[in-house]
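These are the residues of each chain, in order.
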Amino acid sequence: MSILSPEDLASLLVFESLTKDWVREVHTYSSKRKHGKTYVIFRNYSNKTVSTLEELRLEFDDASFLDNISFTSGHSHDIVSNKVGAGKIARKAAKKWMEESA
């Protein structure tokens, strides 16, 4: 079974590893009403998802390392100027992460 669904992979813009177990995903909405907007999901190997940084902090005994991480936004210039390329890179990283977790 795949950790990310095909729908998740299709909407993926940014995929970043936080720890060996947790990753951060930035997705784009597919609806016309929310066109251009993004949302973030934090996910671990057992497919547990949280949607806020505060919820993610509760998953760690020592979450102080999260204060020093600079997250890539779905609206950063590198992503917006090349969404197709960014999505391709993110899907490749996600597939590699899923293979390592299997």
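Our subject is the structure listed above.
Not measured: the values here are computed from a predicted model. (Residues numbered from 1 in each chain as written. Predicted model: local features only at pLDDT ≥ 70, side-chain atom pairs only at ≥ 80, totals over all residues. Heavy atoms only, no water.)

Attention now goes to the overall build of the protein. Broken down by element type, the protein carries 4 helices and 4 strands. Scanning the protein from its N terminus toward the C terminus, one meets helices and strands in the order α-β-β-β-β-α-α-α. Relative to the globule expectation of 13 Å for 102 residues, the C-alpha radius of gyration of the protein, 14 Å, shows essentially globular dimensions. For the C-alpha atoms alone, the extent of the protein along its principal axes is close to 40 × 30 × 25 Å. A burial count over the protein gives 34% of its 102 residues as buried. Considering only contacts in the protein between residues 6 or more positions apart, those separated by 24 or more positions represent 48%. A total of about 6,700 Å² of accessible surface is found on the protein, and carbon and sulfur atoms cover 52% of it. (Helix = DSSP H or I, 4+ residues; strand = E, 2+ residues; numbered from the N terminus. Rg over C-alpha atoms; globule rule 2.2 N^0.38 Å. Buried < 20%, exposed > 50% of the residue type's maximum accessible area, 1.4 Å probe, protein only. Contact = heavy atoms within 4.5 Å. Areas by Shrake-Rupley, 256 points an atom, 1.4 Å probe, with all protein chains shown as cover.)

The next point concerns unusual backbone geometry. In this model, N47 sits at a positive phi of 65°, which is unusual for a non-glycine residue. As for its position among the elements, N47 is in the loop between β3 (38-44) and β4 (49-50). You can call N47 partly exposed: its relative accessible area is 30%.

Grouped together as the largest cluster of nonpolar side chains are 10 residues: I3, L4, L9, L12, F15, V23, A90, A94, W97 and M98. Of all the elements in the fold, those that place two or more residues in this core are β1 (12-17) and α4 (83-101). The leading source of residues in this core is α4, at 4 residues. (Core = buried A, V, L, I, M, F, W, Y, C linked by side-chain atoms within 4.5 Å.)

As a further point, take the environment of T49. Tracing the sequence through the fold places T49 in strand β4. Separated by 27 residues in the primary sequence, T49 and W22 place their C-alpha atoms 9.4 Å from one another. Those residues in contact with T49 that sit more than four places away from it in its chain are I41, F42 and R43.

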